Amino acid sequence: MRIVVPVKQVAVVDEDFELVDGGSAVDPDFLEWSLNEWDEFSVEAALQMGDEVIVVTVGEEEATEGLLACLAKGADRALRIWDPALEGADALAVARVLAAAVGRESPDLVLCGVQSSDAVNSATGIGLAAHLDLPHLAVARAISADGDSLTVERELEGGLIEVVRVGLPALLTVQTGINEPRYANLRAIKQAREKPLEVLDLAGLGLSESDVDAARGSRLRKLAVPEAGEGAEMLQGSPAEVATRIREIVAERLSA
Amino acid sequence: MSGVLVVAEARRGELREVTLELIGAAKGLGQGPLSVAVVDHDPSRFADRLALDGVDAVLAVKTPGEHFEPHVAQSALEGLIAAEQPSLVLLAHSIDSLGFAPAVAARGGLGFASDVTRIWWEDGPVVGRSAYGGKLEAELDFPGRDTVLLLLRGGTFEPAEPGGAAPAWREVAVELREPRSEHVEFREVEAGDVDITKADFLLSVGRGIEDKDNVEQFEELAERLGATLSVSRPLVDAGWVPGARQVGQSGKTVKPKVYLALGISGAVQHLAGMRGADTIIAVNTDPEAPIFSVAHYGAVADLFDVAEQLEQQSG
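These numbers come from a predicted model, not from an experiment.

(A) Spotlight on the sheet that holds strand 6 (residues 88-92) of chain B. Spatial strand order, 14(A)-9(B)-8(B)-7(B)-10(B)-6(B)-1(B)-4(B)-5(B)-11(B): 10 strands in an open sheet with mixed pairing. With partners counted over all chains shown, the strands left at the sheet margins are strand 14 (219-224) of chain A together with strand 11 (168-171) of chain B, one partner each. Pairs of neighbouring strands in the sheet enclose a mean axial angle of 35°, with direction left out of account. Note: strand 5 (residues 57-62) of chain B against strand 11 of chain B, 4 bridges, orientation parallel.

(B) Representation of the state of the cysteines in the model. All chains considered together, the criterion is met by 0 disulfides over all chains. In this structure Cys 70 of chain A is not part of a disulfide, and its nearest cysteine sulfur, from Cys 112 of chain A, lies 13 Å away.

(C) Region of the structure containing the pattern of salt bridges. Under the definition given, this model contains 39 salt bridges over all chains. The partner of Glu 52 of chain A in a salt bridge is Arg 77 of chain A, with the nearest N and O atoms 3.1 Å apart. Within this pair, whereas Glu 52 of chain A is found in strand 6 (residues 52-58), its partner Arg 77 of chain A is found in strand 7 (residues 77-81), the two being separated by 25 residues in sequence. Judged by relative accessible area, which is 25%, Arg 77 of chain A ranks as partly exposed. Connected through salt bridges with shared partners, the residues Arg 154, Glu 157 and Glu 162 of chain A together with Glu 9, Arg 11, Arg 16 and Asp 96 of chain B form a single ionic network.

(D) Examining the interface of chain B and chain A more closely. With 87 residues of chain B in contact, the opposing surface of chain A contributes 79 residues. When chain B packs against chain A, close to 7000 Å² is buried across both sides, 55% of that on carbon and sulfur atoms. At the boundary of chain B with chain A, the tally comes to 14 salt bridges. Residue composition of the side of chain B that touches chain A, by class: 36 nonpolar, 23 polar and 28 charged. Across 5 bridges, strand 14 of chain A lies against strand 9 (residues 136-141) of chain B in antiparallel orientation. Residue pairing for strand 9 of chain B: Ala 224 of chain A is matched across the bridge by Glu 137 of chain B.

(E) Up close: helix 2 (residues 70-84) of chain B. Residue and element names in this part refer to chain B. For helix 2, with 15 residues, the first-to-last C-alpha span of 21 Å sits near the 21 Å given by 1.5 Å per residue. Residues of helix 2 that are buried: Pro 70, His 71, Val 72, Ala 73, Gln 74, Ser 75, Ala 76, Leu 77, Leu 80 and Ile 81. Where helix 2 starts, the residue carrying a side-chain oxygen 2.8 Å from the main-chain nitrogen of His 71 turns out to be Glu 69. Among the residues trailing helix 2, Gln 85 stands out with phi positive, at a value near 50°.

(F) Representation of the side chain of Glu 69 of chain B within the structure. Residues and elements named next belong to chain B. Its location among the elements puts Glu 69 in the loop between strand 5 and helix 2. For the buried Glu 69, no salt bridge is present, and the opposite-charge side chain at shortest range is Arg 180, 7.3 Å distant. Of the polar contacts made by the side chain of Glu 69, one reaches the backbone nitrogen of Val 72; its length is 2.9 Å. If sequence neighbours within four positions are ignored, Glu 69 has contacts with Pro 179, Arg 180 and Ser 181.

(G) Structural context of the side chain of Thr 279 of chain B. In this fold, Thr 279 of chain B is placed in strand 16 (residues 279-284). A relative accessible area of 2% places Thr 279 of chain B in the buried class. A polar side-chain atom of Thr 279 of chain B sits 2.9 Å from a polar atom in the side chain of Arg 253 of chain A. Those residues in contact with Thr 279 of chain B, other than ones at most four positions away along the chain, are Ile 249 and Arg 253 of chain A together with Lys 257, Val 258, Tyr 259, His 296 and Tyr 297 of chain B.

Rules used throughout
- Within every chain, residues take consecutive numbers counted from 1 along the sequence as written.
- The order in which chains are written sets their letters, starting at A; the order in which ligands are written sets their numbers, starting at 1.
- Selection of residues for local features in this predicted model requires a pLDDT of at least 70, selection of side-chain atom pairs for listing and counting requires 80 or more, and totals for whole chains, interfaces and linings are taken over all residues.
- To get the side-chain values, take all heavy atoms of the structure and skip hydrogens and water.
- For two strands to count as paired, DSSP must find a minimum of two bridges between them.
- We count a stretch as a helix when DSSP gives it H or I for four or more residues in a row; a strand needs E for two or more, and each element gets its number in order from the N terminus.
- Angles shown run from 0 to 180 degrees and are taken between the N-to-C directions of axes, each axis being a line fitted to C-alpha atoms and, for helices, limited to the stretch in contact.
- Working definition: a disulfide is two cysteine sulfur atoms within 2.5 Å of each other.
- Criterion for a salt bridge: a side-chain nitrogen of Lys or Arg within 4 Å of a carboxyl oxygen of Asp or Glu.
- We call a residue buried when its accessible area falls under 20% of the maximum for its residue type, exposed when it is over 50%, and partly exposed in between, using a 1.4 Å probe and counting protein chains only.
- Whether two residues are in contact is decided by their heavy atoms, any of which lying within 4.5 Å being enough.
- Joining two parts hides part of their accessible area as seen by a 1.4 Å probe, and the buried area is that hidden amount summed over both.
- For this classification, the nonpolar set comprises Ala, Val, Leu, Ile, Met, Phe, Trp, Tyr, Cys and Pro, the charged set comprises Asp, Glu, Lys and Arg, and every other residue, Gly included, is treated as polar.
- By this rule, a helix spans an expected 1.5 Å times one less than how many residues it contains.
- We call two N or O atoms a polar contact when they sit within 3.5 Å, provided that within protein one can donate a hydrogen and the other can accept it, with sequence-adjacent residues counted only if both atoms are side-chain atoms.
- Within this scheme the basic residues Lys and Arg register as positive and the acidic residues Asp and Glu register as negative, but His and the chain ends are omitted.

This is how it looks when you write it as structure tokens:
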């Protein structure tokens with residue numbers, strides 16, 4: 001089974017940070033990058049089920065590190081797509097670009113993370129499925145393959161699970177906890193650099209800037225620090241004093 | 001293009017409460033006629049619940065299958081949008097919506113945003129949503145999009161009050177796609193030895209406890225304090241604690257008298273499951289942890305230090 005896994009290098013904002021251009025973006029000096037937590041699980045699921053695993057990302061140079069991590073774990077090939085026209089691309093624009101990249105691989109299965117931890121759109125995977133006209137299911141907590149079909153447990157709200165069957169090819173979004181992601185050993189990390197890692201721009205995928213614009217779902221007007229709510233009453237003092245206050249509050253509220 | 005189309009959400013024959021929140025949000029915008037679409041095997045079963053002030057019409061689309069199927073739902077919504085030409089479409093940011101709404105937006109070239117927590121109207125809709133783990137809010141608009149589809153975060157918008165005249169009921173003939181997946185069954189996540197939704201006092205721990213071997217210590221602390229132990233998602237994902245103890249969107253929604261969170265930073269999905277607690281007390285080393293935004297009492301402290309003191313003081 002050939003499986004394509006779209007992944008994302010996500011940004012974590014430092015505790016103190018600054019915005020640029022009145023809020024158009026976070027100053028990159030205050031960002032740290034890592035592979036999206038959900039993608040650790042989708043990659044692992046692909047490695048367990050696939051004969052050939054291809055990882056794809058849309059991102060600038062810093063995303064190479066995430067691809068190398070996937071290659072070190074055992075993915076066969078990687079593709080990174082970047083173009084200045086993709087600056088600020090939203091989930092649906094990224095889905096359109098991924099569609100061009102994933103489509104040319106004719107995969108049996110596409111596994112995406114449910115969401116990325118920085119943007120939390122939860123939309124890229126299913127948007128991608130729409131462009132490829134693939135059957136799709138969101139939020140899988142278990143997958144088992146049986147010939148040309150999959151049995152999938154969808155994780156619904158409130159501890160409910162729906163068991164669903166779907167034929168291949170298909171696209172699933174994968175929830176954390178579905179498996180135990182492996183770690184790559186040092187040798188594999190070294191060898192990852194020998195594996196194919198292709199870099200393409202929009203033209204390389206046969207796309208133009210207007211294709212991306214047409215696919216865009218929204219425009220970012222600005223980022224701002226959210227207005228704080230009323231906030232918690234902060235308990236001060238030593239751990240002992242904090243514990244004493246907590247016990248008083250608990251006792252009072254439980255008897256109320 | 002005019003008016004607002006709310007897509008009701010139902011599961012196993014029950015209307016989900018978030019539907020009323022969508023209607024409340026739509027009413028608040030005051031942007032033309034408000035229709036509620038019911039895509040279901042038997043739409044009429046929700047007629048009473050949808051008799052709400054401000055709802056102008058219920059648009060019923062009957063599906064052949066009893067349960068939600070994303071490709072059928074997708075074609076139903078595409079057909080409804082083509083027939084009704086709404087300027088705004090509102091759905092819940094729910095697991096079912098995530099399975100088809102982005103596909104509708106992608107195929108239709110619609111304006112789109114998910115996990116929306118604020119909406120207002122300028123020349124068109126403008127929305128606020130959280131970014132970078134709640135540290136920032138992103139403000140989005142949708143220039144050049146005649147129809148905008150939004151997924152609204154549950155528990156955020158005021159629900160429409162029950163009561164009102166029955167709205168006009170209209171069956172809408174929509175060409176539905178064949179299902180591309182097959183429902184097998186519903187299952188509850190493994191039932192545990194406890195029902196955390198019944199507890200008055202929950203002691204809740206998360207990633208902060210660092211090690212599987214520490215779970216037992218917090219079970220003992222909970223017992224000593226007269227609390228029930230609950231957890232956030234990472235501990236269930238890691239297999240340290242059974243799923244029945246999980247609080248959050250994919251776990252249980254709890255409303256205890258006291259919720260004491262030790263070392264839980266407060267991801268959105270976790271907050272969704274516990275913000276209804278009467279009193280929330282949070283202990284975390286990170287003063288910026290989102291849990292403090294919903295807590296009534298907070299302490300910036302190491303959870304192990306506080307836990308040790310709680311244990312000692314409880315004799």
